[in-house]
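These are the residues of each chain, in order.
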Amino acid sequence: MKKQTIAAALAAALVGSAFLGTGMQTEAAQWVQDGTGWWYQEDNGSYPAGTWSYINDAWYYFDGSGYMLTGWQWIGGTWYYLHSNGTMAANQWVGNYYLTDSGAMAVNQWIGNYYVAVTVRGYRDMVRSGYRIAMAGGIVTATADM
C-alpha cells in the first residue's frame, strides 16, 4: 500500500511539472512603464501596438511600438483626445472641441445649441443657410438670422 501511495504521489508530481513546463502558466495582464512611456502587457505576454485596445472599461490607443498615447491624436483620418492617463475622451468638451460617443472630434454638426464648424466649408454652409455666426475658438454658435 505504501508503494502505491508513493508511486501515485510521484506520478502526480511528474504530471504537474510537465504541465508547468509547457508554458501554460499565465501572468495577470498589467501596465508597465519604462524610460519611454507606458505599455500594456497582456496575459500571454503580448502587447497591443498600432491599435485601439479596450482595457478595464476604457479605450486606449497604442503607437506602433506599443506605447500608450495621450493628448490630441490624428488616427485614421479623425481627431481623438486621450486624457493624460491614456483613456479616450467621449461625450464631452475638451477646450473648444466636442468629442462624440465614438471619441471622434465633432466636425460640422450641431452639439446642443452649438454648431461645431471646424472646416471652412462648414462655416460657409452656415452663412449661406441664413444663420448668424459667432465664433470663439473651435466653437461656432449659430442662431437663425431673422
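Since the structure is predicted, the reported quantities are computational estimates derived from the model, not experimental observations. (Residues numbered from 1 in each chain as written. Predicted model: local features only at pLDDT ≥ 70, side-chain atom pairs only at ≥ 80, totals over all residues. Heavy atoms only, no water.)

(A) Spotlight on the packing of aromatic side chains. A complete count under the given rule lists 14 aromatic pairs for this structure. Considering the side-chain rings of Trp39 and Tyr47, the 5.6 Å spacing of their centres and the 70° angle between planes classify their relative orientation as edge-to-face. Here Trp110 and Tyr115 contribute two aromatic rings whose centre-to-centre distance is 5.4 Å and whose plane-to-plane angle is 70°, an arrangement assigned as edge-to-face. You can call Trp110 partly exposed: its relative accessible area is 40%. The exposure class of Tyr115 is buried, given its relative accessible area of 11%. (Phe/Tyr/Trp six-rings, centres within 6.5 Å; stacked < 30°, edge-to-face > 60°. Buried < 20%, exposed > 50% of the residue type's maximum accessible area, 1.4 Å probe, protein only.)

(B) Unusual backbone geometry, seen in detail. Positive phi, close to 50°, is recorded for Asn56, a residue that is not glycine. Tracing the sequence through the fold places Asn56 in the loop between strand E3 (51–55) and strand E4 (58–62). The class of Asn56 is exposed, set by a relative accessible area of 65%. Unusually for a residue other than glycine, Asn108 sits at a positive phi of about 55°. By the element assignment, Asn108 lies in the loop between strand E8 (97–99) and strand E9 (109–111). Exposure remark for Asn108: the relative accessible area of 26% places this residue in the partly exposed category. (Helix = DSSP H or I, 4+ residues; strand = E, 2+ residues; numbered from the N terminus.)

(C) The confidence of the model for the chain, seen in detail. Summary statistics for the chain give a mean pLDDT of 78 and a share of 62% for residues scoring 70 or more. Throughout residues 9–22 the model reports pLDDT below 50, and contacts reaching past four residues in sequence, or to other chains, amount to 2 contacts. pLDDT under 50 marks residues 122–130. Its contacts with residues more than four places away, or in other chains, come to 15 contacts. (pLDDT = per-residue confidence, 0-100. Contact = heavy atoms within 4.5 Å.)

(D) Spatial organisation of the nonpolar core. Membership of the largest hydrophobic core is limited to 7 residues, which are Tyr61, Leu69, Ile75, Tyr80, Leu82, Met88 and Ala104. In contact with Leu82, other than residues within four places in its own chain, are Trp52, Tyr61, Leu69, Thr70, Gly71, Gln73, Thr87 and Met88. Within the second largest apolar cluster, 6 residues are counted, among which are Ile55, Ala58, Tyr60 and Met68. (Core = buried A, V, L, I, M, F, W, Y, C linked by side-chain atoms within 4.5 Å.)

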